[in-house]
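Secondary and tertiary structure notes
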Amino acid sequence: MAETKQKYKPMHPLMRSLQKKNAREMLARSKPAPEVHQEGLDEDMKLQKAKDAINKIIEHPELTPEQKKAITAGTTRAWYADFPGAPADLAGMGVDYLAEGLKSLLPSGEQAGFNIAKSLGLTAVQEGARNPILGSRHLEKLGEKAGYIPPTTGTDLEMVARVGAGFVDPIPVPLFAATTAKQIAKADDVVNLNNPLSAPKDAAEKLNRKLQRTETTKAKKKKNKDYSPPGSHKNKSIILKPKKGVDLPPVQIGGQKTKNWVIKIEGVLSPEEIVEAAGWYREGKMVQPLIESAGPGLTPELQAGFMLGAVQKSPPGALLSYLKQREQVKRGVAFENRMKSGTSDLPLYQLAGGEEITGGAGQKIYDFVDAGVKNPTRTFYGNDAKAGQPFTMDRHTTRDMGYLDETYLNFLKENYKVPKDLKVDFEGAPSETVYEFGGDIGRKLTDELNAQGFGEKYGIGELSASDTQAIGWAAMLKLYDQPFDDLSGAISKNVQRVSSELSFGDGSPLAAKFGEEYNSLNTEQQYQITRDAMDWVSNRASELSGTISVGRVHGSGGWENFPPAPAVVENLLASPGGADIYADTVGYLANQTEVWAVREVSKNAQDANGILLDIVESGSKNIEDGDNLQAIWRKLNEYNPEVFQGYQPLSYEGKSGIRVIVPFKYNPFKNKPALRKYVEDNTDELIKVVTEVFPESKKFDINLADGNIRFHNNDWTESKNGESYLQRLERSTDGEIARSLRVSDGPEFEAFLQGLFDSTKRTTGTDTGIPKTEVRLRGVTPPKSTVSPNNSPPNTRTAVDKAQAKSDARAIMDL
């Protein structure tokens, strides 16, 4: 998981007080020890003390993963930044207070007609004193880059841990850095998820109905052994044998016996496949793609939305349905004014808004989410243990429990010796009674498997009902050779990539104000200011559009004859409409001439208007370093400048590379097949060209896909106020986003930029050139920041917050 670089917040008063105290204590402790030979022993004791402290955090059973991360983040900041940086901070405070005193003696700006303190350099002196070299903020930044200080969580708990860390002595960084990193990684591996679906209001009534059916069945079975309870099979229990020449195991329909179920499972799945299937829920494989992309905080919600949207939709379509409704909820669109996404809009809308779901979510969805978050009880029945463990009865598992639908019956007729009088038990999805009767069979089957030691046989231990369901589900899909419903594929097909940069469009207001200043910066400074500024813009655009950021890649990009420049590619889990709103917002705020929103589409899809050529490095990451990305681009462009006209940095699944986007309208080929054939025919040569640039790299792979590219632009020489962006936003939203950009967000960003340029001008040092390609925000939800133009924008803002932010922005612009 990539670290997320955060903006520094104004120092907490309590932190300043603590630093003064610690500075005095550290200066007192800095006197030479009387016995030098004890020094190594003292450091070992400190090291062990710190290890014990971290272990207590990591292993504490009552702390959530988020709490562990917050405490660890605060503690390491205290050890490696606050304590060693306290002397420099204390000295800086003295300068700060002195400068403030001098400013109080000077005439005000209104009296003098100009800002005397700024003209005398007192403001710059204060800003430098508040962030001195080797001070806490400087050391914190170094620690984050080096990796021994984890990303900040931005929570109050982190601040409490940071202040309270004075009870543990600071220790040498080199000795403890690796241990800390491993312990933090261990904490990241522990993910506790909760079911976002609340129990139905009539959960107790539903449970009573279920239990009453069970009691009635027992009573009637005593009187009549042939009694068929509600939800039971319409066919008598029978074992079907495969036809001659068909290499499939026998299967049992109707009532199930454990030994026959085991024969089927072991006849379809290998031992390795059984073990893998058993870990589907317990190891989080079902939710792992969401955890890795959107982070654990959003995973339960997105998983539930994915299931709610799955009514008669493919996995990508199901996720898209939820994303559409979620984005509109986050933008404040009323349900009656929403853009529709399917038949399940109401429960999707309610889930996104944190409301009680009043319809559309039956046992299957509740049980599936419960199993995914490893809840041992069933939320659908109020988590009453009498309802048993979750056992998700989708159509595959319903077949596994001996029920027939038309599709499964046709498969059996083709491959097995089947009696003529078999009846269909369900159509489409099982009824409530079939669901519960079949689920009880699965729960009983689990008990019998555990009594027989099935789990121990494969080294997986005792099975839960969800484990049994997962094993049977995997076996059924392999039995009739159906591909798994792939959540990873659903995510990848809903990722929209939006590329932009900070270099302002010709004729734009920001170009007039900051253009010369930006061009005067050295290479390293241009990249750094682009990363900080575009983080601000990207966060605000994601907030306003309602989209989910799942990975932000900072690197370089280029188009046509323009030289490569600092660029950012935002990976959004979003609908196309949401990504378009995001792109127009970025274009307006950053004064861009053109912003592209790109998504992969199926081969030869009607909306494909370009080719996406991904060249990905495997086994190494040389492409991330310095000028390497541009070096590869130069070779590709030289190979055929008419085809390979633009590129952007690429990162996914832990690998890095370069994406070359080839729009149909900007290349010499007049049709899709001709362009695709050219790229396919030249794949080997392109790999050779790239490998020659980096012969020490392990391997490069080329992935080719059709793409849908939406071009968002504004000619600032004609539309000097960004009218093209604003007009599209007016059409796609109710106008609130456009108003917010004009009145609040635009001035705030301009003020933020002014602060960045002011601080960058004070930065000295040798230009180190192009920095390493950096990935931020993958699987991490950005913490909510304070409302200040010197910080990243918050996730939610009240009218008071916006008014205060606007006031702060004006105050800074007036300096």
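Residues numbered from 1 in each chain as written. Predicted model: local features only at pLDDT ≥ 70, side-chain atom pairs only at ≥ 80, totals over all residues. Heavy atoms only, no water.

1. Points about the overall build of the protein chain
Summing up its helical and strand segments, the protein chain has 32 helices and 11 strands in all. For the protein chain, long-range pairs separated by at least 24 residues make up 74% of all intrachain contacts whose partners lie at least 6 apart in sequence. Per element, the accessible surface of the protein chain, about 37,800 Å² overall, is 53% carbon and sulfur. (Helix = DSSP H or I, 4+ residues; strand = E, 2+ residues; numbered from the N terminus. Contact = heavy atoms within 4.5 Å. Areas by Shrake-Rupley, 256 points an atom, 1.4 Å probe, with all protein chains shown as cover.)

2. So, the pairing of strand β3 (residues 495-501)
Most of β3 is tucked away, with six of its seven residues classed as buried. For β3 and strand β5 (residues 565-573), the ladder comprises seven bridges, and the chain directions are antiparallel. In the strand pairing of β5, E501 is matched with A567. The sheet contact formed by β3 and strand β6 (residues 594-601) spans three bridges and is antiparallel. (Buried < 20%, exposed > 50% of the residue type's maximum accessible area, 1.4 Å probe, protein only. Pairing = 2+ DSSP bridges.)

3. Focus on the side chain of N682
Note on placement: N682 falls in the loop between α28 (672-681) and α29 (683-693). Residue classification places N682 among the buried positions, given a relative accessible area of 15%. Within the structure, the side chain of N682 is placed 2.7 Å from the side chain of Y639, a separation counted as a polar contact. (Polar contact = N/O pair within 3.5 Å; in protein donor to acceptor, adjacent residues only side chain to side chain.)

4. Quick look at the packing of helix α24 (residues 509-520) against helix α31 (residues 736-761)
One way to put it is that α24 packs onto α31 with a least axis distance of 12 Å and a crossing angle of 15°. In terms of their interaxial angle, α24 and α31 are classed as roughly parallel. In this structure, α24 meets α31 at a crossing whose hand is left-handed. Within the contact between the two elements, α24 uses L510, K513, F514, E517 and Y518 and α31 uses F749, E750, L753, Q754, F757 and K761. Looking at the contact of α24 with α31 residue by residue, the class counts come to six nonpolar, one polar and four charged. (Axes fitted to C-alpha atoms, helices over the stretch in contact; angles between N-to-C directions. Parallel < 35°, antiparallel > 145°, perpendicular 65-115°, else oblique. Left-handed = near helix turned anticlockwise from the far one by under 90°. Nonpolar A, V, L, I, M, F, W, Y, C, P; charged D, E, K, R; others polar.)

5. Side note on helix α15 (residues 315-330)
End to end, α15 covers 23 Å across 16 residues, agreeing with the expected 22 Å (1.5 Å per residue, within 8%). Along α15, the residues classified as buried are A318, L319, S321, Y322, L323, Q325, R326, E327, Q328 and V329. Positive backbone phi, approximately 80°, marks G332, located one or two places after α15. (Expected span 1.5 Å × (residues − 1).)

6. A few points about the side chain of D467
For D467, the location among the structural elements is in helix α22 (residues 465-479). Of note is the side chain of D467, whose polar atom sits 2.6 Å from the side chain of R282.

7. With respect to the packing of aromatic side chains
Under the criterion given, the structure shown has 20 aromatic pairs. Note on F411 and Y480: the rings are 5.7 Å apart at their centroids and 75° apart in plane angle, and the pair reads as edge-to-face. With F411 in helix α19 (residues 406-415) and Y480 in the loop between α22 and α23 (487-492), the pair connects residues that are 69 residues apart, well separated along the chain. The same class applies to F411 as to Y480, namely buried. Here the aromatic cluster, defined as three or more aromatic residues joined through ring pairs, consists of Y408, F411, Y416 and Y480. A cation over a ring is seen here: R338 above F335, with NZ or CZ 3.9 Å from the ring centre. (Phe/Tyr/Trp six-rings, centres within 6.5 Å; stacked < 30°, edge-to-face > 60°. Lys NZ or Arg CZ within 6 Å of the ring centre and 35° of its normal.)

8. A closer look at a negative patch on the surface
Together, D447, E448, E456 and E462 give the surface a local cluster of negative charge. Relative to the helices and strands, D447 resides in helix α20 (residues 432-451). For D447, a relative accessible area of 54% corresponds to the exposed category. (Patch = residues over 30% accessible without salt bridge, like charges linked within 9 Å, V, L, I, M, F, W, Y side chains within 5 Å. Salt bridge = Lys/Arg side-chain N within 4 Å of Asp/Glu carboxyl O. Lys, Arg positive; Asp, Glu negative; His and termini not counted. Charge placed at Lys NZ, Arg CZ, Asp CG, Glu CD.)

9. Some details on unusual backbone geometry
The phi torsion at D481 lies on the positive side, around 55°, for a residue other than glycine. Within the element layout of this structure, D481 appears in the loop between α22 and α23. Look at N591: it is not a glycine, yet its phi comes out positive at around 55°. A relative accessible area of 6% places N591 in the buried class.

10. A closer look at the confidence of the model for the protein chain
Put simply, the protein chain has an average pLDDT of 79, and 75% of its residues get 70 or more. Within the model, pLDDT remains below 50 along residues 166-190, and this stretch shows 45 contacts once partners closer than five positions in the same chain are excluded. (pLDDT = per-residue confidence, 0-100.)

11. Here we look at the pattern of salt bridges
According to the stated counting rule, one finds 37 salt bridges in the structure shown. Notably, a salt bridge pairs R676 with E680, separated by 3.5 Å at the nearest N-O pair. Highlighted residues: R676 and E680, both in helix α28, separated by four residues, approximately one helical turn. For R676, a relative accessible area of 10% gives the class buried. With relative accessibility at 42%, the residue E680 sits in the partly exposed group. The residue R676 makes a salt bridge to D706 at a minimum N-O spacing of 2.4 Å. Of this pair, R676 sits in helix α28 while D706 sits in strand β10 (residues 699-713), placing them 30 residues apart in sequence.

12. Remarks on α24
In this model α24 runs 18 Å from its N-terminal to its C-terminal C-alpha over 12 residues, within 8% of the 16 Å that 1.5 Å per residue would give. Those residues of α24 that fall on the buried side of the exposure criterion are L510, F514, G515, E517 and Y518. Of the surrounding elements, those touching the buried residues of α24 are α25 (523-545), β5, α26 (576-589) and α31.

13. Considering the pairing of strand β8 (residues 646-652)
Among the seven residues in β8, six count as buried, and that is most of the element. Of the strand pairs in this sheet, strand β4 (residues 548-559) and β8 are connected by two bridges, and their pairing is antiparallel. Opposite G558, over in β8, you have Y647 as the bridge partner. Of the pairings in the sheet, the one linking β8 to strand β9 (residues 655-663) comprises six bridges and is antiparallel in character. For S651, the partnering residue across the bridge sits in β9 and is S656. Counted along the chain from β8 to the antiparallel partner β9, the turn is two residues long, and its residue E653 has a positive phi close to 50°.

14. Considerations on the environment of T683
The topology assignment puts T683 in helix α29. Note on T683: relative accessible area 22%, which makes it partly exposed. Taking the C-alpha atoms as reference, T683 lies 9.5 Å from N703; in sequence the two are 20 residues apart. A distance of 3.0 Å separates the side chain of T683 from the backbone oxygen of V679, its partner in a polar contact.

15. As for the environment of E718
Here E718 shows up in the loop between β10 and α30 (723-732). Looking at E718, the relative accessible area reads 66%, which means it is exposed. For the pair formed by E718 and G507, sequence separation is 211 residues and the distance between their alpha carbons is 8.1 Å.

16. With respect to the packing of helix α10 (residues 203-223) against α20
Interhelical geometry of α10 versus α20 gives an angle of 70° and a closest axis separation of 12 Å. Relative to α20, the element α10 is oriented roughly perpendicular. Where α10 crosses over α20, the two elements pack in a sense that is right-handed. In this structure, α10 contributes R209, K210 and R213 to the contact, and α20 contributes E432, T433, E436, D440 and R443. Residues of the contact of α10 with α20, tallied by class, amount to no nonpolar, one polar and seven charged.

17. Here we look at the environment of T763
Here T763 lies in the loop between α31 and β11 (774-776). Note: C-alpha distance between T763 and Q525 (238 residues apart in sequence) is 8.7 Å.

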